[in-house]
Amino acid sequence: MRLSTVILPLHRWSEGQKLWRQAEELGFHAAYTYDHLSWQSFRDETWFGAVPTLTAAATATERIRLGTLVTSPNFRHPVTLAKELMTLDDISGGRLTVGVGAGGTGFDAQVLGGGDWTPRQRADRFAEFVPLLDELLRQDATTRAGRHYTAVEARNIPGCVQRPRVPFCVAATGPRGLRTTARYGQGWVTCGDPYDPDVPAQRAPGVVAAQSAALTAACEAEGRDPGSLDRLLLQGFTGERPLASLDAFVQWAGTYRELGITELVVHWPVPDSQFATDPTVFERIATEGLAQLV
């Protein structure tokens, strides 16, 4: 099991760079950020772009993996996104992981002037988005005409540092999304239950276990070894409180290790928010937490 963190893009770089360097110094496997234009309670606060932030983080660090959790079709097009990801993979020296998801409702979905897509519309777009992004990142030139996304002789030269392309970590829980994960993902992301963000703590492991079992079934239906995918759990969206203390984290991590989760992703502390955490406890979790699993 690996431990990673999410650093929200809330800080001017003069301060933000210190957090990304500290994440590396603390030994986190990866540091991710949200790819939103604004997000929930932070809508009217400082919020910077994900790709420029990750690019800066790539130049400020040396070893830690970097990535999005997650990028979606809400305001992204595969052609332009692929160029940015290829460039970021080069700048980071092959340390990029791309979290992708179907997107949701709210600010990002409406900011370009359209209304919220229905769940089916989001699934339809995602079913085109991921295969096209996969092609664009694997080959020098891509032409594909789809209902939602088209590429005409789109060039991506010299390609990714990581071959055949940067790894995808797909956020999905429904049948179509899980099939996409099985076909194109190197990893899978869940936050517990996106349809009920207030899942009681005692129910959360069962929710994740059921989702993971559905992923295994999707892999088997696609003829893929279920063990070939990493399984990521993003903390912060259920009733669980694993960052309250080191002991709470160890118990939480042990529960999900037994369920087959291979990477835990915890939110970097943000004071006076839903991600408020005692910095001293957080550092102990980062440096001691996984070592205490038996």
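To be clear, the structure that these remarks concern was listed above.
Residues numbered from 1 in each chain as written. Predicted model: local features only at pLDDT ≥ 70, side-chain atom pairs only at ≥ 80, totals over all residues. Heavy atoms only, no water.

J.: What is the right way to read the pattern of salt bridges from this model?
T.: In total, this model carries 13 salt bridges according to the counting rule given. E222 is the partner of R183 in a salt bridge, and the nearest nitrogen-oxygen pair spans 3.1 Å. Residue R183 is found in helix 6 (residues 175–184), and its partner E222 is found in the loop between helix 7 (204–221) and strand 9 (230–234); the two are separated by 39 residues along the sequence. Judged by its relative accessible area of 32%, E222 falls in the partly exposed class. Measuring nitrogen to oxygen at the nearest pair gives 3.0 Å for the salt bridge that ties E288 to R284. Taken together, the residues E288 and R284, both in helix 9 (residues 279–288) and 4 residues apart, mark about one turn of the helix. (Salt bridge = Lys/Arg side-chain N within 4 Å of Asp/Glu carboxyl O. Helix = DSSP H or I, 4+ residues; strand = E, 2+ residues; numbered from the N terminus. Buried < 20%, exposed > 50% of the residue type's maximum accessible area, 1.4 Å probe, protein only.)

J.: So what exactly am I meant to see when it comes to the state of the cysteines here?
T.: A disulfide bridge is the covalent bond that connects two cysteines by way of their sulfur atoms. A complete count under the given rule lists 0 disulfides for this structure. The cysteine C160 is free of any disulfide, with C169 supplying the nearest cysteine sulfur at 16 Å. C169 carries a free sulfur, and the closest cysteine sulfur to it, the one in C219, is 12 Å from it. (Disulfide = S-S within 2.5 Å.)

J.: I tried to follow the packing of helix 2 (residues 50–60) against helix 3 (residues 78–91) on my own but got confused; where do I start?
T.: For any two helices packed against each other, one specifies the crossing angle of their axes together with the interaxial distance. Relative to each other, helix 2 and helix 3 sit at 15°, their axes nearing to 9 Å. Our classification of the angle between helix 2 and helix 3 gives roughly parallel. Helix-helix and strand crossings are classified by hand; for helix 2 and helix 3 the assignment is left-handed. For the pair helix 2 and helix 3, the contacting residues are V51, L54, T55, A58 and T59 in the first and E84, L88 and I91 in the second. Of the residues in the contact of helix 2 with helix 3, the class split is 5 nonpolar, 2 polar and 1 charged. (Axes fitted to C-alpha atoms, helices over the stretch in contact; angles between N-to-C directions. Parallel < 35°, antiparallel > 145°, perpendicular 65-115°, else oblique. Left-handed = near helix turned anticlockwise from the far one by under 90°. Contact = heavy atoms within 4.5 Å. Nonpolar A, V, L, I, M, F, W, Y, C, P; charged D, E, K, R; others polar.)

J.: What is the right way to look at the packing of aromatic side chains in this model?
T.: Each aromatic ring pair is described using two quantities: the centre-to-centre distance and the angle formed by the ring planes. Taken as a whole and judged by the stated rule, the model has 12 aromatic pairs. Judged by centre distance (6.1 Å) and plane angle (15°), the ring pair of W39 and F275 falls under stacked. Of this pair, W39 sits in the loop between strand 2 (30–33) and helix 2 while F275 sits in the loop between strand 10 (263–267) and helix 9, and the two are 236 residues apart along the sequence. Each of the two residues, W39 as well as F275, counts as buried. Following the ring pairs from residue to residue traces out a cluster consisting of Y34, W39, F42, W47, F237 and F275. When the ring centre of F168 is taken as reference, the NZ or CZ atom of R165 above it lies at 3.6 Å. (Phe/Tyr/Trp six-rings, centres within 6.5 Å; stacked < 30°, edge-to-face > 60°. Lys NZ or Arg CZ within 6 Å of the ring centre and 35° of its normal.)

J.: What is the right way to look at the sheet that holds strand 2 in this model?
T.: Working definition: the strands of a sheet are paired by backbone hydrogen bonds and lie parallel or antiparallel to each other. An order of 1-2-3-4-7-8-9-10 is seen for the 8 strands of this closed barrel, with the pairing classed as parallel. Going across the sheet, the axis of each strand differs from the next one's by a mean of 25°, ignoring polarity. Of the strand pairs in this sheet, strand 1 (residues 2–6) and strand 2 are connected by 2 bridges, and their pairing is parallel. By the bridge assignment, V6 is partnered in strand 2 with Y32. Strands strand 8 (187–190) and strand 9 of the sheet are contacted by helix 7, whose axis makes an angle of about 150° with strand 8. (Pairing = 2+ DSSP bridges.)

All we've got here are geometric facts, nothing functional implied.
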